[in-house]
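# A structural walkthrough
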Amino acid sequence: MYGVNKVLGIDGGYKGFYARNTIDLTPKVVNDIHKRGGTILGTSRGGHDTSKIVDSIQDRGINQVYIIGGDGTQKGAAVIYEEIRRRGLKVSVAGIPKTIDNDIPVIDRSFGFDTAVEEAQRAINAAHVEAESIENGIGVVKLMGRYSGFIAMYATLASRDVDCCLIPESPFYLEGRGGLFEYIEKRLKENGHMVIVIAEGAGQDLLSESLQSMNQQDASGNKLLKDVGLWISQRIKNHFGRQQKISINLKYIDPTYMIRAIPSNAADNVYCTLLAQSAVHGAMAGYTGFICGPVNGRHSYIPFNHITEKQNKVVITDRMWARLLSSTNQPSFLNPKDVIEVQEGEEPPTQLLEGENCKDSKFATKDIPSMT
Ligand SMILES: Nc1ncnc2c1ncn2[C@@H]1O[C@H](COP(=O)(O)OP(=O)(O)O)[C@@H](O)[C@H]1O
Ligand SMILES: O=P(O)(O)OC[C@H]1O[C@](O)(COP(=O)(O)O)[C@@H](O)[C@@H]1O
């Protein structure tokens, strides 16, 4: 459509910009990549050197850069865009939101999230089957979600077999009145089995109290988390072992990488096509410094600064979390004081950025339209 005859793939994330090899992305090469999991381009953490990346863009004569990834990647894209602007280069930078965690703000959802929620059902089903098959069975499933519990929340709501969903945004406690152990005992007495879903970033404050803090980071600067799934399983076993009132049978399932590694589902494939077309139309129209994605159902271009300021998180005073609580019947683990604190700490949700635009005044001439 636009007569482009060369599309280069950068190998292995940001550090691939200063490696010699690139991958020619011809129609033949990309023909069936939507049927595979992972990435043919490779991925990495860390290795972001803005100046070297922009040197490489300049040296290779690249005039449009499409940057695919989660919130960290988009922060990296934003600084590349700033540097390109500073140097006065005629290069468009477009971000494409891809992360199963759904932690990119403003847009309705990120590519990969829907697939992850769907695949998580298999693990939850397995946990439910195992728990139901044995006396006082407890199935524990750990799902991804470093800072945001969207996968756990939506997988729980979709499944309806989950009795308790624990996410990073909702602090919880184990012992005493209103605590997790009390709830487990109640559910086992009522139902004879239960399923717990826990996001990897949940309860990290409790782990730090009982395990020695590591305070290590990955190459991108993300805090390395301790395995909350193993930890909580052991704590539940210890508690009921000590108490000797109920003899529990706990099965722990960690499907996290199996979920991330599968090919995207049909809904995500269609979504990905829309993202790709929207990003290319945007860059070809002369826009730059934007991420594309649906906002309230309409495909839009959002300036980087609107999505790098914060992370998308589950709002536990919002309706969706209330729906989850009413679906699982789990305790909220909150007292009224906590609710007030959460509300005060929250910013109102970002709405459609009507009237704003992310065009680079030097290189683009049009306001950003909404695309359907
Ligand atoms: N604030 C930042 N500035 C520049 N680069 C960043 C920033 N945060 C993350 N990156 C880079 O973005 C890439 C991906 O970040 P990471 O947090 O690992 O994953 P994700 O994009 O899924 O959040 C890494 O190469 C990392 O170095
Ligand atoms: O062990 P790895 O490869 O660093 O990945 C684990 C991380 O991946 C995440 O799902 C984020 O995924 P992406 O960065 O691929 O979007 C986090 O929730 C999780 O902590």
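See the structure printed just above.
A brief structural summary. It should be emphasised that the depicted structure is a prediction, and the values quoted were computed from it without experimental measurement. (Residues numbered from 1 in each chain as written. Chains lettered and ligands numbered in written order. Predicted model: local features only at pLDDT ≥ 70, side-chain atom pairs only at ≥ 80, totals over all residues. Heavy atoms only, no water.)

### Remarks on the overall build of the protein chain
A tally of regular secondary structure across the protein chain gives 13 helices and ten strands. Taking all contacts inside the protein chain whose residues are at least 6 apart in sequence as the whole, residues at least 24 apart take part in 74%. (Helix = DSSP H or I, 4+ residues; strand = E, 2+ residues; numbered from the N terminus. Contact = heavy atoms within 4.5 Å.)

### Quick word on helix H2 (residues 50-60)
Taken together, the buried positions of H2 are occupied by Thr-50, Ile-53, Val-54, Ser-56 and Ile-57. The buried residues of H2 all sit within an arc of 155° when viewed along its axis, so they share a single face. Turning to H2, the residues buried within the fold contact strand S3 (64-69) and helix H3 (71-87). Looking one or two residues past H2, Gly-61 carries a phi angle of roughly 70°, positive in sign. (Buried < 20%, exposed > 50% of the residue type's maximum accessible area, 1.4 Å probe, protein only. Arc of directions from axis to C-beta.)

### Here's the deal with the site of ligand 2
With respect to spatial proximity, the complete set of residues near ligand 2 consists of Arg-45, Lys-98, Thr-99, Ile-100, Asp-101, Met-144, Gly-145, Arg-146, Glu-200, Tyr-257 and Arg-260. Residues belonging to the shell around ligand 2 are distributed by class as follows: three nonpolar, two polar and six charged. (Near = heavy atom within 4 Å. Nonpolar A, V, L, I, M, F, W, Y, C, P; charged D, E, K, R; others polar.)

### Section: the side chain of Ser-56
Its location among the elements puts Ser-56 in helix H2. There is a polar contact of 2.6 Å between the side chain of Ser-56 and the backbone oxygen of Phe-17. (Polar contact = N/O pair within 3.5 Å; in protein donor to acceptor, adjacent residues only side chain to side chain.)

### Some points on helix H12 (residues 319-328)
Along H12, the residues classified as buried are Trp-321, Leu-324, Leu-325 and Thr-328. In an axial view of H12, the angular spread of the buried residues amounts to 100°, which keeps them on one side of the axis. Every exposed residue of H12 that faces more than 90 degrees away from the buried side is listed here: Arg-319 and Ser-326. On the buried face of H12, the contacting elements are helix H5 (150-159), strand S6 (164-166) and helix H6 (180-191). Looking one or two places after H12, you find Asn-329, whose phi comes out positive at around 70°.

### Things to note about the pattern of salt bridges
With the rule as written, the count across this model stands at 18 salt bridges. Arg-36 is the partner of Asp-32 in a salt bridge, and the nearest nitrogen-oxygen pair spans 3.2 Å. Accessibility expressed as a relative area gives 33% for Asp-32, which makes it partly exposed. With a closest N to O distance of 2.9 Å, Glu-185 and Lys-245 form a salt bridge. Residue Glu-185 is located in helix H6, and its partner Lys-245 is located in the loop between helix H8 (228-243) and strand S8 (249-253); the two are separated by 60 residues in the primary sequence. A residue is classified by how much of its surface remains accessible, and Lys-245, at 57% relative accessible area, is exposed. When salt bridges that share partners are traced, they join Asp-55, Glu-83, Arg-86 and Arg-87 into one network. (Salt bridge = Lys/Arg side-chain N within 4 Å of Asp/Glu carboxyl O.)

### Quick notes on the site of ligand 1
Near ligand 1 the following residues occur: Tyr-14, Arg-45, Gly-46, His-48, Gly-70, Asp-71, Gly-72, Thr-73, Lys-75, Gly-76, Ser-220 and Asn-222. Asp-71 places a side-chain nitrogen or oxygen 3.0 Å from an oxygen atom of ligand 1. Coverage of ligand 1 by the protein amounts to 77% of the 550 Å² it exposes when considered alone. Considered class by class, the residues forming the shell around ligand 1 number one nonpolar, eight polar and three charged. (Areas by Shrake-Rupley, 256 points an atom, 1.4 Å probe, with all protein chains shown as cover.)

### Section: the packing of aromatic side chains
Counted according to the given criterion, the structure contains eight aromatic pairs. Taking the centre distance of 6.5 Å and the plane angle of 85° together, the rings of Phe-113 and Phe-150 count as edge-to-face. Of this pair, Phe-113 sits in helix H4 (residues 113-132) while Phe-150 is found in helix H5, placing the two residues 37 residues apart along the sequence. Phe-113 sits in the buried class, given a relative accessible area of 6%. For Phe-150, a relative accessible area of 8% puts it in the buried group. By the ring-pair criterion, three or more aromatic residues cluster together here, those being Phe-113, Phe-150 and Tyr-154. The positively charged end of Lys-52 is found above the aromatic ring belonging to Tyr-18, 4.5 Å away from the centroid. For the cation-ring pair, Arg-109 lies above Tyr-271, with the distance from its terminal atom to the ring centre recorded as 4.4 Å. (Phe/Tyr/Trp six-rings, centres within 6.5 Å; stacked < 30°, edge-to-face > 60°. Lys NZ or Arg CZ within 6 Å of the ring centre and 35° of its normal.)

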